[in-house]
Amino acid sequence: MIYSAAADRYDHMAYRRCGRSGLKLPLISLGLWQNFGDVAPLEAQRAILRRAFDLGVTHFDLANNYGPPYGSAETNFGRVLREDLRPYRDELVISTKAGYDMWPGPYGEWGSRKYLLASLDQSLRRMGLDYVDIFYSHRFDPETPLAETVGALATAVTSGKALYAGISSYSPERTVQAAGILRQLGVPLLIHQPSYSMLNRWVEHSLLDLLGREGVGCIAFSPLAQGLLTSRYLDGVAAGSRASQDGSLRPEHLSAATMAHVRALNDIASSRGQTLAQLALAWVLRDDRVTSALIGASSVAQLEENLAALAGREFSAAELTAIDTHAVEAGINIWAESSQH
């Protein structure tokens, strides 16, 4: 059946300007880190992507090694783009990243010019695109000169293969340096993508202030703490959940102390007429310096639940105080090493 986007798709979403750029992003963007590789049925992926766009989600975020297997999320997204979303390409913001391991040998990860630009070419081929809207350095490389890494981002932009440059999981100090180098090269740093949630608040120490001063946007990934800030784990580790598998969320992350805070946050959400996930998303977006929150989705129903968070973004001072009591560091920032250099 030929897809035709909903005529009222822009009636459901709010958009924020990305730093001091001309680009606006939806308050909630869709990431394809999980559930869009070859292990998930393509028709389920198609349904999520279609519904997201019908509800005003215009930004889709990928990386070269999203899958499994590596590259399959980009390939699958490219197929849905070709078959369904191609007429709407100019209404979409499509981003991809390179930095983690992608192919064997010394040129298949980190931040060299060779790796970044070769990876971008591969990503464009997998998705069937002439350009991506945003190309990120996925992590800081302590062994490659920063000028080389961000110089490759500048080349991606000046060559027309990307419209904007971004970085992910960089420390405040490296962010300032990267922004300065890019500025000298005539390519502004558009956006930083850090992990940020009620259980992982490292960006509040100085990064958000810095991004505000520099005029750089911020898109928060893992705002639901890899599912910990949902109803899934309130009664323990369910079979088939991310924490039950050998993945990025491990059982030790669900300590008794952490889960006591999570259940208290769930009580606050209930008092507001929200699910825990909706509270977590609304909370991340309470700061205007956060351009967008990046979510994943395993079903259309889950997507719709998360997008409903936009209806309850206002907080009283008392609610924020109550949340602060339980929004504590939980040791789940598995990307911390990159941002500590």
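Preceding this paragraph is the structure being described.
Residues numbered from 1 in each chain as written. Predicted model: local features only at pLDDT ≥ 70, side-chain atom pairs only at ≥ 80, totals over all residues. Heavy atoms only, no water.

### Details of the overall build of the chain
Then, in step 1: Secondary structure summary: the chain contains 10 helices and 10 strands in total.
Then, in step 2: What you see for the chain is a C-alpha radius of gyration of 19 Å, in line with the 20 Å of a compact globule of 341 residues.
Then, in step 3: Evaluated residue by residue, the chain yields a buried proportion of 58% over its 341 residues.
Then, in step 4: Intrachain contacts of the chain at a sequence separation of at least 6 include 77% that bridge at least 24 residues.
Then, in step 5: Summing over all exposed atoms, the chain offers an accessible surface of approximately 13900 Å²; the carbon and sulfur share of this is 51%. (Helix = DSSP H or I, 4+ residues; strand = E, 2+ residues; numbered from the N terminus. Rg over C-alpha atoms; globule rule 2.2 N^0.38 Å. Buried < 20%, exposed > 50% of the residue type's maximum accessible area, 1.4 Å probe, protein only. Contact = heavy atoms within 4.5 Å. Areas by Shrake-Rupley, 256 points an atom, 1.4 Å probe, with all protein chains shown as cover.)

### Observations concerning the packing of helix H1 (residues 42-54) against helix H2 (residues 72-85)
To describe two helices that pack against each other, one gives the angle between their axes and the distance between the axes.
Then, in step 1: At a minimum axis separation of 10 Å, H1 and H2 run at an interaxial angle of 60°. With respect to H2, the element H1 is oriented oblique. Note that H1 runs across H2; the crossing there is right-handed. Contacts from Leu-42, Gln-45, Arg-46, Leu-49, Arg-50 and Phe-53 in H1 reach Asn-76, Phe-77, Arg-79, Val-80, Glu-83, Asp-84 and Leu-85 in H2.
Then, in step 2: Its residues assigned to classes, the contact of H1 with H2 shows 6 nonpolar, 2 polar and 5 charged. (Axes fitted to C-alpha atoms, helices over the stretch in contact; angles between N-to-C directions. Parallel < 35°, antiparallel > 145°, perpendicular 65-115°, else oblique. Left-handed = near helix turned anticlockwise from the far one by under 90°. Nonpolar A, V, L, I, M, F, W, Y, C, P; charged D, E, K, R; others polar.)

### Points about the pairing of strand S5 (residues 93-98)
Then, in step 1: The buried count for S5 comes to 6 of 6 residues, which makes it a mostly enclosed element.
Then, in step 2: Burial of S5 is two-sided: the residues Val-93, Ser-95 and Lys-97 facing one way and the residues Ile-94, Thr-96 and Ala-98 facing the other way are all buried.
Then, in step 3: You can see the chain leave strand S4 (residues 59-61), run along H2 and come back into S5, and the turn it takes is right-handed.
Then, in step 4: Of the strand pairs in this sheet, S5 and strand S6 (residues 132-137) are connected by 4 bridges, and their pairing is parallel. In the sheet register, Lys-97 faces S6, and the bridge partner there is Tyr-136.
Then, in step 5: With helix H3 (residues 113-127) bridging S5 and its parallel neighbour S6, the resulting β-α-β unit is right-handed. (Right-handed = clockwise from strand over helix to strand, strands pointing away. Pairing = 2+ DSSP bridges.)

### Quick look at the pattern of salt bridges
Then, in step 1: One pass over the full model with this rule turns up 20 salt bridges.
Then, in step 2: For Arg-46, the salt bridge identified is with Glu-83, shortest N-O distance 2.9 Å. Of this pair, Arg-46 sits in helix H1 while Glu-83 sits in helix H2; the two residues are 37 residues apart in sequence, bridging distant segments of the chain.
Then, in step 3: Judged by relative accessible area, which is 39%, Glu-83 ranks as partly exposed.
Then, in step 4: Here the residues in one salt-bridge network are Glu-43, Arg-46, Arg-50, Arg-79, Glu-83 and Asp-84, joined through shared partners. (Salt bridge = Lys/Arg side-chain N within 4 Å of Asp/Glu carboxyl O.)

### Details of the sheet that holds strand S3 (residues 28-31)
Then, in step 1: If you walk around this closed barrel you meet the 8 strands as S3-S4-S5-S6-S7-S8-S9-S10, and the pairing is parallel. Strand after strand, the sheet turns through a mean of 30° between neighbouring axes, direction not considered.
Then, in step 2: By the bridge criterion, 2 bridges tie strand S8 (residues 189-193) to strand S9 (residues 217-221) in an arrangement that is parallel. Paired with Ile-191 across the strands is Gly-217, a residue of S9.

### Examining unusual backbone geometry
Then, in step 1: Across the junction of Gly-67 and Pro-68, the peptide omega takes the value 0°, indicating a cis bond.
Then, in step 2: Structurally, the position occupied by Pro-68 is in the loop between S4 and H2.
Then, in step 3: A cis geometry characterises the amide bond from Pro-68 onward to Pro-69, with omega recorded as -10°.
Then, in step 4: Relative to the helices and strands, Pro-69 is located in the loop between S4 and H2.
Then, in step 5: Positive phi is not limited to glycine here, since Gln-226 has a value of about 55°.
Then, in step 6: Tracing the chain through its elements places Gln-226 in the loop between S9 and helix H7 (256-271).

### Digging into the pairing of S8
Then, in step 1: Counting buried positions along S8 yields 5 of 5 residues, so the element is predominantly enclosed.
Then, in step 2: As paired elements, strand S7 (residues 162-168) and S8 share 4 bridges and run parallel to each other. Counterpart to Ser-168 in the pairing with S8 is Gln-193.
Then, in step 3: With respect to chirality, the unit in which S7 leads through helix H5 (residues 172-184) into the neighbouring parallel S8 is right-handed.
Then, in step 4: The β-α-β motif built from S8, the intervening helix H6 (residues 207-214) and the parallel element S9 has right-handed crossover chirality.

### Overview of the layout of surface pockets
Then, in step 1: What the second largest pocket holds in volume is close to 240 Å³.
Then, in step 2: Along the walls of the second largest pocket sit 18 residues, with Val-187, Pro-188, Leu-189, Leu-190 and Gly-215 positioned nearest its centre.
Then, in step 3: Within the residue set of the lining of the second largest pocket, elements represented by two or more residues are S7, H5 and S8.
Then, in step 4: When grouped by side-chain class, the residues that make up the lining of the second largest pocket number 12 nonpolar, 3 polar and 3 charged. (1 Å grid on protein atoms, 1.4 Å probe; cavity = no way out; pocket = protein on both sides within 12 Å on 5 of 7 lines; lining within 4 Å. Points joined across faces, edges and corners; volume = space filled by probe spheres on them.)

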